[in-house]
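In case you want the letters, here they are:
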Amino acid sequence: MDISTIQRDGVTVIGLPCNLDGTTSNEAQEKIMPLLVKECCVVLDLGQCDYISSAGLRVLLMMAKSLGASGGKLGLCGVSSEIRDIMDMTGFLDFFKIYDTVDGAVEGTLKEKKC
Amino acid sequence: MGNMNFEFSDTIAGYVTKFDKEKRVFGLKTYDGREFSVKLTSNTFAKGPRNLEEPWCDYTGKMDAMLVKDQFIYAVGIFYPKKDNHEFEAKVLVFPEKELNDYRFEEPDWWIKQARSIADFYIKAQFGGPANIDYSIYRTMLSLSGERKAEPRQETDTISRLIYGMASTFLLTGEDRFLDAAERGTQYLRDHMRFYDTDENIIYWYHGIDRHGDKEHKVFASEFGDDYDGIPMYEQIYALAGPTQTYRANGDPAIMKDIKMTIDLFDRFFLDKKNGGYFSHIDPVTLDPRAESLGRNRARKNWNSLGDHAPAYLINLWLATGDPKYRDFLVSTADCIVKYFPDYEHSPFVQEKFHEDWSHDKTWGWQQNRGVVGHNLKIAWNLMRINSLEGKKEYVDLANKIGGIMPTVGMDVQRGGWYDVMEREMAKGEECHRFAWHDRKAWWQQEQGILAYQILYGVLKDPKNQQLARESAAFYNSFFLDHDDGAVYFNVLNNGIPFLLGNERLKGSHSMSAYHSIELCYLSQVYINLLHTKQPLDLYFKPWPRGFDGSTLRVEPDILPKGSVKIDQVWVDNNPWKNFDAANLTVQLPNVDYRPKIKVRLVPTGK
C-alpha cells in the first residue's frame, strides 16, 4: 500500500489510496502511526476510500486517541456519504472533525490546534 | 466513650422464649443467643406477613396468641435508659410467620405473585402499560414511584436486566405481556446497542445510548466511574442476561447468534490465555486488556469478570442448550473461584480483585481491602448450583465454609438482614469488622443471602441453613416490599426502615432494574417448591417454530441435584401432551408453524 504524505503549512496530509477494511487496516496502521509525532496536526484524506469496516474505524480511533493524548489534532476530509453514515450509525462520528476539502481540513486543524 | 444513658430506637430480630401476659413482657432471643426482655405498651400494634398488592395485615388483635415460644418476630421499638442498662419497649411487632413455623413466603405461589407485581410495576413505569411496549421511551432512571426521569440515558445493562425480569416472570406465569416486553427489549438491544465488528466477527455491546427524541447518540465505552473509558467485562456479561433468559423461553436463533458472538469476544479478547481467567476491562479501541489507557483497570481480574458469568447468563445458557462447552465453562469458573478467591489466612471474606498473575489487588479504587457481603454469598450460592452439574468436594466445602462464616461477620445478628461492604481485616484492637461506608442493607445482597441458604438447605439438608434462609427471606419480605408505590426498596437502614436519599431512592438506576428482585422470585419459588416443601412448580415457554435444536425444549428450572425433579405433565395450548422425557427434563416440541404455549409441571421425585 502506498500512502502519500505531504506537508502543508506544518500539517501532515496523509492520503489513503484504498478502502480501509480487514485486509488493509493493519498495513495502514503500521504506516500511519509512526507519522503521528507529538503535538502534530494531521489531515487524513479519505477521498479514494469508498468503504470502511470496523477494523478501519479502529485505525481512525487509534489515530484520534494517539493524537489527542500527545496534544495533536486530527482532521478528516474526502469522507464519502457512505462512510459518514457508517460512522454516524456506530456512534463514532462525534469523535472526528470532518471537512469538505483538504484545504479546509488543513486550515481547520490548525485553528483547532491554536485554540 | 461517653455514657450511653439516652433513648434510641432499634429493631430486634429473634425468637420468642416466653410471654408473661399479665406483665405484658416477653423474652426474645437473637440468632446468636442473646436474650432481650421486650415490653408491650398500650400503643403497640402488630402486623403480619404481607406480599405486594395485598392489603394491610393487622395482627394486633391476635398478638397475644402469636407470642408463643420459638415464634420468629421483629420487635421495633425504643431502648430507654434504666439504671446502668436499657429497657426495650416495642411499638410494632412484625410477624413474618402466619403461625409458628408457617412462613407465608414458603407458599407455593408467594414469589410468583411477587414477580408478577414487580414486573407489572416496571411495565407501567417504563411503557405506561402492556398495550404498547416501546423501548424508545425506556429510561434507565426511574423515581421511587416509577416515573421516568428526564435524563436521556438508556443503559444497555439496565435494559438487559429488565428483560431478564420480564422473561423470568413469563417463565413463572405464562402471561404474554411479560414475554412481549422481553422480546421487544431483546430486539431493541440488537437494533440499537449492538456493535457487530465485521472484521473480528464478534459482537460487543455499547454502554448505552442517549435519546433525544428520534436522535440517538451512542455511548461506546463505559461512562460509569469504576470503568471509565474502558469496556468492562461485566457490562458485556450482563448485556447477555436478559436475552439469554428470553432464549430459554422462545429459542430464537437470532438471540443464540448474539450470545455466541459475544462469548467469542470474551474468549478472544478478555480471556487470559496464559494465566487463566478473564480480564476485567479492555481498551475500547485496541481491545487490549493490557493497554496503558486503562489505568487502574489495566491487566486486572475481579469477581465480576471471573464469577459473574454463571449467574448472569451462563447457567441459563446451559439450561437452555445442554451444550457441553457451557458446562465446561461453568466448571472452569467454579474451579477458578475455588482456587483463587479464598484468603482465610487473612480474612473471613474472599479476595475479589486480582492482578493478571493472581496476586491480590488491595489498592483498587473504592474496593481497597474490602469485601462485599453479597459477593461472598453469591459464590456460595453458585458453587452449589455448579456442584449439581459436576460434583466436587471443594465446591461444597467452600460453599459450606462461606455459609458458616458469613453470619458471624456479614449478617446483622441483632436486627436481621445482610450488610454491604466491610473491611476485610480488623485493625488492632477492633472487635468487629468495620463497615466501609454505612450499615445499610441493599436489596440485591439480601437476595444473595436468601438464595445461598435456600440452596444450601435444599441440597445439604442442614437445618441451620434452613433457619438462615428463613430469617433472610423474612427480613426481605418484612422490610423491602414497597406497598405504597410498588416493587422493592433499594436500601433499608439497619433497623429495616427504607432509606430514600440520592440514588438509593430510585427504582431504576445503573444498579436497579427488575433483575435481582425477580431473579430472587424465580429461584426462591424453584428452591422452595422443588427442594424444600416438595410442591409442584409450573413453568411456561413459547418457542419459535424450529427454534430450539432438534425441536427439543429443555425445562430444567435451575441446576438442581440430578434426579431430584421430573416432569409430571405437559400441556401444549392447554391440551395434554405426552411427548416428553420426564427424567431428562426435555419436551419434544410439536411440529407446527406457529408459536405454541407450553406449560410444564415439574415435581420433586423425593430423591
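Heads up: the structure comes first, above all this text.
Cut-off values and rules
- Residues numbered from 1 in each chain as written.
- Chains lettered and ligands numbered in written order.
- Predicted model: local features only at pLDDT ≥ 70, side-chain atom pairs only at ≥ 80, totals over all residues.
- Heavy atoms only, no water.
- Helix = DSSP H or I, 4+ residues; strand = E, 2+ residues; numbered from the N terminus.
- Buried < 20%, exposed > 50% of the residue type's maximum accessible area, 1.4 Å probe, protein only.
- Contact = heavy atoms within 4.5 Å.
- Lys, Arg positive; Asp, Glu negative; His and termini not counted.
- Charge placed at Lys NZ, Arg CZ, Asp CG, Glu CD.
- Core = buried A, V, L, I, M, F, W, Y, C linked by side-chain atoms within 4.5 Å.
- Axes fitted to C-alpha atoms, helices over the stretch in contact; angles between N-to-C directions.
- Parallel < 35°, antiparallel > 145°, perpendicular 65-115°, else oblique.
- Left-handed = near helix turned anticlockwise from the far one by under 90°.
- Nonpolar A, V, L, I, M, F, W, Y, C, P; charged D, E, K, R; others polar.
- Pairing = 2+ DSSP bridges.
- Salt bridge = Lys/Arg side-chain N within 4 Å of Asp/Glu carboxyl O.
- Buried area = accessible area lost by both parts, 1.4 Å probe.
- Polar contact = N/O pair within 3.5 Å; in protein donor to acceptor, adjacent residues only side chain to side chain.
- Patch = residues over 30% accessible without salt bridge, like charges linked within 9 Å, V, L, I, M, F, W, Y side chains within 5 Å.
- Areas by Shrake-Rupley, 256 points an atom, 1.4 Å probe, with all protein chains shown as cover.
- Disulfide = S-S within 2.5 Å.
- Phe/Tyr/Trp six-rings, centres within 6.5 Å; stacked < 30°, edge-to-face > 60°.
- Lys NZ or Arg CZ within 6 Å of the ring centre and 35° of its normal.
- Expected span 1.5 Å × (residues − 1).

1. What to know about the overall build of chain B
What chain B contains, in helices and strands, is 15 helices and 28 strands. Looking at chain B residue by residue over its 607 residues, the buried ones come to 62%. Sequence-distant contacts in chain B: of pairs separated by 6 or more residues, those separated by 24 or more amount to 67%. Taking the average location of the 76 positive side-chain charges in chain B and that of its 86 negative ones, the two points are 3 Å from each other.

2. A word on the nonpolar core
Residues L44(A), Y122(B), Y135(B), F266(B), Y313(B) and M406(B) are the most contacted members of the largest nonpolar core, which totals 202 residues. By residue number, the principal contributor to this core is helix α2 (residues 110–127) of chain B, which donates 11 residues. Discounting residues that sit within four places of it in the chain, Y135(B) has contacts with F127(B), Q154(B), I159(B), L162(B), I163(B), A181(B), R184(B), G185(B) and Y188(B). Counting residues in each nonpolar core, the second largest holds 20 residues, with L28(B), A46(B), F88(B) and A90(B) among its members.

3. Considerations on the packing of helix α3 (residues 156–173) of chain B against helix α15 (residues 516–532) of chain B
All names here are of chain B. Closest axis-to-axis distance for the α3/α15 pair is 8 Å, and the angle between their directions is 25°. Looking at the two axes, α3 sits roughly parallel to α15. The interaxial crossing formed by α3 with α15 has left-handed handedness. Together, R161, Y164, G165, S168, T169, L171 and L172 of α3 and H516, I518, E519, C521 and Y522 of α15 make up the contact between the two elements. Of the residues in the contact of α3 with α15, the class split is six nonpolar, four polar and two charged.

4. Overview of the pairing of strand β2 (residues 11–15) of chain A
Residues and elements named next belong to chain A. Across the five residues that make up β2, a large majority, five, are buried. What you see with β2 is no split at all: V11, V13 and G15 on one side and T12 and I14 on the other are buried throughout. Looking at chain direction, strand β1 (residues 4–8) and β2 are connected through five bridges and run antiparallel. When the sheet's bridge partners are listed, I6 is paired in β2 with V13. Between the end of β1 and the start of β2, which pair antiparallel, lie two residues, with D9 showing a positive phi angle near 55°.

5. Considerations on the pattern of salt bridges
Residue and element names in this part refer to chain B. This model, assessed by the stated rule, comprises 52 salt bridges over all chains. Put simply, K69 and D70 hold a salt bridge, and the shortest N to O gap is 3.5 Å. Using a relative accessible area of 53% as the deciding quantity, one classes K69 as exposed. The partner of D482 in a salt bridge is K507, and the shortest N-O contact between them spans 2.7 Å.

6. Here we look at the interface of chain A and chain B
Each partner contributes residues to the interface: chain A has 16 residues there, and chain B has 17 residues. Across the interface of chain A and chain B, roughly 1,200 Å² is buried in total on both sides, 54% from carbon and sulfur atoms. Of all residues in chain A, S54(A), R58(A) and K65(A) give up the largest surface area on contact with chain B, accounting jointly for 45% of the area buried on that side. Applying the counting rule to chain A against chain B returns two salt bridges. A salt bridge links D197(B) to R58(A); the shortest N-O distance between them is 2.2 Å. Our enumeration of links across chain A and chain B arrives at 11 residue pairs in polar contact (both at pLDDT 80 or more).

7. Observations regarding a negative patch on the surface
All names here are of chain A. A cluster of acidic side chains, namely D50, E82, D85, D88 and D94, defines a negative patch on the protein surface. Relative to the helices and strands, E82 resides in helix α3 (residues 81–89). The exposure class of E82 is partly exposed, given its relative accessible area of 48%.

8. Side note on the state of the cysteines
Residues and elements named next belong to chain A. A full pass over the atoms with the stated rule returns zero disulfides over all chains. In this structure C49 is not part of a disulfide, and its nearest cysteine sulfur, from C18, lies 7.0 Å away. Its relative accessible area of 1% is what places C49 among the buried residues.

9. Re the packing of aromatic side chains
All names here are of chain B. Following the criterion strictly, the structure yields 40 aromatic pairs over all chains and no others. Centre to centre, the rings of F19 and F26 are 6.4 Å apart; their planes meet at 80°, and the pair counts as edge-to-face. Measuring from ring centre to ring centre gives 3.7 Å for Y340 and W358, while their planes differ by 0°; the resulting arrangement is stacked. Of the two residues, Y340 is situated in helix α10 (residues 324–340) and W358 in the loop between β16 (353–355) and β17 (370–372); the sequence distance between them amounts to 18 residues. Three or more aromatic residues joined by ring pairs make a cluster, and in this case those are Y15, F72, Y74, W111, F475, Y476, F479 and F480. Cation over ring: R161 sits above Y238, and NZ or CZ is 4.1 Å from the ring centre. Just above the ring of W364 sits the side chain of R296; from NZ or CZ to the centre is 4.2 Å.

10. Description of the packing of helix α11 (residues 373–387) of chain B against helix α12 (residues 393–409) of chain B
Residues and elements named next belong to chain B. Interaxial distance between α11 and α12 falls to 9 Å at its minimum, and their mutual angle equals 150°. Crossing of α11 over α12 shows left-handed handedness. Of the residues in α12, those touching α11 at V373, N376, L377, I379, A380, L383, M384, I386 and N387 are Y395, V396, L398, A399, I402 and M406. Residue classes in the contact of α11 with α12 are distributed as 13 nonpolar, two polar and no charged.

11. Details of unusual backbone geometry
All names here are of chain B. Phi is positive for A299, which is not a glycine, with a value near 50°. In this fold, A299 is placed in the loop between β14 (281–282) and β15 (300–302). Positive phi, normally seen in glycine, also occurs at R546, with a value near 60°.

12. A short note on the pairing of strand β4 (residues 72–82) of chain B
All names here are of chain B. Sheet analysis places strand β1 (residues 8–20) next to β4, joined by eight bridges and oriented antiparallel. The partner of T11 across the bridge, within β4, is V76. Sheet topology note: the β4/strand β5 (residues 85–94) ladder contains nine bridges and is antiparallel. Across the sheet, the residue bridging to I78 is E89, located in β5. From the end of β4 to the start of β5, which pair antiparallel, there are two residues, and K83 there has a positive phi angle of about 50°.

13. A word on the environment of I209(B)
Along the chain, I209(B) falls in strand β11 (residues 208–212). Aside from chain neighbours lying at most four places away, what touches I209(B) is P152(B), R153(B), Q154(B), Y188(B), H192(B), M193(B), E216(B), H217(B), K218(B) and V219(B).

14. Re the sheet that holds β5(B)
The strands making up a sheet associate through backbone hydrogen bonding, with each pair oriented either parallel or antiparallel. Residue and element names in this part refer to chain B. Around the barrel, which closes on itself, the five strands sit in the order β1-β2-β3-β5-β4 with mixed pairing between neighbours. Taken pair by pair, the neighbouring strands of this sheet meet at an average axis angle of 55°, ignoring direction. Packing against the sheet, helix α14 (residues 463–479) makes contact with β1, β4 and β5, and its axis sits at approximately 75° to β4.

15. Quick look at the environment of D343(B)
Residues and elements named next belong to chain B. Relative to the helices and strands, D343 resides in the loop between α10 and β16. Residue classification places D343 among the buried residues on the basis of a relative accessible area of 7%. Apart from the residues within four sequence positions on either side, D343 is in contact with F349, Q351, H360, K362 and R424.

16. Things to note about α2(B)
Since there are 3.6 residues in each turn of an α-helix, residues three or four apart along the chain are aligned in direction. Residues and elements named next belong to chain B. Compared with the 26 Å implied by 1.5 Å per residue over 18 residues, the 26 Å span of α2 between its first and last C-alpha is a close match. Counting buried residues along α2, 14 of its 18 residues qualify, which places the element largely inside the surrounding structure. The positive-phi residue at the C-terminal boundary of α2 is G128, with phi of around 80°.

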